[in-house]
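Each chain, written out:
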Amino acid sequence: MSGLTARRLCVAALTFLAVAFAYYAGAWLGLRDELLRRQLTPLWPATGLALVAILLFGRRIWPGIAVGSLLVHLSIGLSLPASAAIAVGNTLAPLCAAYLLRRAGFRLECDRLRDALALVFLGAFAAMTVTATITTGVLVGAHVLPPHDWWITWLISWSSNAMGVLVVAPVLLAARKFRLTSRVGARRALEAGLLIGGTFVIAAVGTVSPFDVLFLVFPFLFWAAWRFQLAGAAPCVLVSAVVVILAAEDGTGPFAGDTLLATMVTLQAFVGSAALTALLLAAMVAERNHTYAEIEQACYRLADVMSLRDRATRHAESWHQSAPRPPRSSPR
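It should be emphasised that the depicted structure is a prediction, and the values quoted were computed from it without experimental measurement.

Calculation notes
Residues numbered from 1 in each chain as written. Predicted model: local features only at pLDDT ≥ 70, side-chain atom pairs only at ≥ 80, totals over all residues. Heavy atoms only, no water. Helix = DSSP H or I, 4+ residues; strand = E, 2+ residues; numbered from the N terminus. Buried < 20%, exposed > 50% of the residue type's maximum accessible area, 1.4 Å probe, protein only. Contact = heavy atoms within 4.5 Å. Areas by Shrake-Rupley, 256 points an atom, 1.4 Å probe, with all protein chains shown as cover. Core = buried A, V, L, I, M, F, W, Y, C linked by side-chain atoms within 4.5 Å. Patch = residues over 30% accessible without salt bridge, like charges linked within 9 Å, V, L, I, M, F, W, Y side chains within 5 Å. Salt bridge = Lys/Arg side-chain N within 4 Å of Asp/Glu carboxyl O. Axes fitted to C-alpha atoms, helices over the stretch in contact; angles between N-to-C directions. Parallel < 35°, antiparallel > 145°, perpendicular 65-115°, else oblique. Left-handed = near helix turned anticlockwise from the far one by under 90°. Nonpolar A, V, L, I, M, F, W, Y, C, P; charged D, E, K, R; others polar. UniProt positions renumbered as here; feature names shortened; annotations may be inferred. Phe/Tyr/Trp six-rings, centres within 6.5 Å; stacked < 30°, edge-to-face > 60°. Expected span 1.5 Å × (residues − 1).

(A) Spotlight on the overall build of the protein chain. A count of helical and extended segments in the protein chain gives eleven helices and zero strands. When its helices and strands are written in sequence order, the protein chain yields α-α-α-α-α-α-α-α-α-α-α. Counting every position in the protein chain, which comprises 332 residues, the buried fraction comes to 42%. Look at the contacts in the protein chain between residues 6 or more apart in sequence, and 74% of them connect residues 24 or more apart. For the protein chain, the computed accessible surface area is about 18300 Å², with 67% contributed by carbon and sulfur atoms.

This is how it looks when you write it as structure tokens:
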């Protein structure tokens with residue numbers, strides 16, 4: 001075995017382990033929420049991590065996702081066959097999502113409206129039906145859940161994985177291009193800090209107030225999407241989602257006295273609306289800015305062409321005026 005091949009195998013093994021660890025950590029964060037049973041959570045961040053890993057490293061990274069999912073479900077007490085079956089679903093779903101996104105021409109920058117729509121409807125809503133169906137069937141077949149809870153379990157599993165894509169994947173895609181450079185002015189950095197801090201404060205106030213004022217978060221999401229596009233909108237959505245999920249777990253604010261079903265509907269409606277609004281608006285603004293930049297560059301090129309034409313015209317006229325004229329013949 002050559003040294004180059006051994007290095008590639010070592011890099012591939014380390015990448016698999018890193019993806020498995022990241023998936024396990026994301027799933028562990030989702031399992032910290034005690035709103036539902038340990039097999040189901042309102043938000044499954046590991047799905048967003050898995051999708052971004054496949055988009056960045058390719059389909060060959062799937063063993064890391066499968067191992068991470070298997071270890072997670074074994075750690076919560078499921079049997080090996082049930083854990084393996086759920087791991088298959090958790091691996092197939094992001095693979096299907098990545099395939100659909102590539103077929104739709106998705107760009108990792110997510111700076112076009114078509115990219116945002118593809119991530120929402122193909123990567124989240126459509127592809128996550130795979131893992132929801134497999135997970136629900138396994139839990140019911142293993143007698144972990146009663147058969148009459150099949151539909152509500154499927155809906156919770158689907159929405160939690162879809163929210164994992166909509167909330168976590170944009171943050172990772174934005175962080176991929178983050179560079180802390182000296183060109184970022186103090187005023188813009190202060191604005192970004194105020195946006196994230198303001199989102200946190202308003203979401204926290206909305207979750208402890210007896211009035212339904214969670215909608216006050218949306219102006220901050222609009223502001224973040226307008227000023228910073230995906231790099232600003234994605235973290236604000238993540239912050240607001242975490243605050244609201246913790247409030248739903250504690251049963252405070254708008255979730256006080258609600259049943260589990262009502263809490264889940266309110267929670268998923270808020271997180272989904274926030275993610276959809278911020279993601280679509282950020283993509284629209286980025287696409288508009290890109291179009292303006294192209295128009296500006298076209299105007300500059302046109303101005304350069306016109307300047308060259310004017311200089312060529314003036315040069316031709318000056319040459320014509322300075323050129324020696326042939327002497328006139330005298331009349332006989």
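Back to the text.
(B) Fine view of the nonpolar core. One finds Leu51, Met128, Leu221 and Leu279 to be the most contacted residues of the largest nonpolar core, which totals 80 residues. Looking at this core element by element, the count peaks at eleven residues for helix H10 (residues 230–250). Leaving out residues up to four positions away in the same chain, Met128 has contacts with Thr47, Ala93, Pro94, Ala97, Gly123, Trp158, Asn161, Ala162 and Val165.

(C) A nonpolar patch on the surface, seen in detail. A surface patch of nonpolar side chains, about 650 Å² in accessible area, is lined by Tyr24, Trp28, Leu29, Val67, Leu71, Leu74 and Leu80. Secondary-structure elements contributing two or more residues to the nonpolar patch are helix H1 (3–31) and helix H3 (62–75). Among the secondary structure elements, Tyr24 is positioned in helix H1.

(D) Looking closely at the packing of helix H8 (residues 186–208) against H10. Two elements in contact, H8 and H10, have axes separated by 9 Å at closest approach and are oriented at 20°. With respect to each other, H8 and H10 are oriented roughly parallel. Judged by the twist between their axes, the crossing of H8 over H10 is right-handed. Judged by residue contacts, Leu195, Ile196, Thr199, Phe200, Ala203, Ala204 and Thr207 of H8 engage Pro235, Cys236, Val239, Ser240, Val243, Val244 and Ala247 from H10. Per-class residue counts for the contact of H8 with H10 are eleven nonpolar, three polar and no charged.

(E) Focus on the UniProt feature "transmembrane region" (unreviewed entry) in the protein chain. Residues annotated in UniProt with the feature "transmembrane region" (unreviewed entry) correspond here to residues 6–31, 43–62, 82–101, 117–145, 151–173, 194–222, 228–248 and 260–286. Secondary structure across residues 43–62 comprises 70% helix and 0% strand; the distance between its end C-alpha atoms is 21 Å. The distance separating the terminal C-alpha atoms of residues 260–286 is 39 Å; by composition the span is 100% helix and 0% strand.

(F) Seen up close, the environment of Ala53. By the element assignment, Ala53 lies in helix H2 (residues 45–57). You can call Ala53 buried: its relative accessible area is 8%. For the pair formed by Ala53 and Leu172, sequence separation is 119 residues and the distance between their alpha carbons is 9.5 Å. Residues contacting Ala53, with those up to four places away along its chain left out, are Val19, Gly58 and Ile61.

(G) Region of interest: the pattern of salt bridges. If you walk through the whole model with that rule in mind, you get four salt bridges. Among the ionic pairs, Arg107 bridges to Asp111, the shortest N-O distance being 2.8 Å.

(H) Examining the packing of aromatic side chains more closely. Counted according to the given criterion, the structure contains seven aromatic pairs. Between Trp154 and Trp158, the aromatic rings sit 6.2 Å apart at their centres with planes inclined by 5°, giving stacked as the arrangement. Here Trp154 pairs with Trp158, and both are found in helix H7 (residues 150–175), just four residues apart, close to one helical turn. Every member of this aromatic cluster is reached through a ring pair, and the members are Phe121, Phe125, Trp151, Trp154 and Trp158.

(I) Region of the structure containing helix H4 (residues 80–103). An ideal rise of 1.5 Å per residue puts 34 Å on 24 residues; H4 measures up with 35 Å between its terminal C-alpha atoms. Looking one or two places after H4, you find Gly105, whose phi comes out positive at around 75°.

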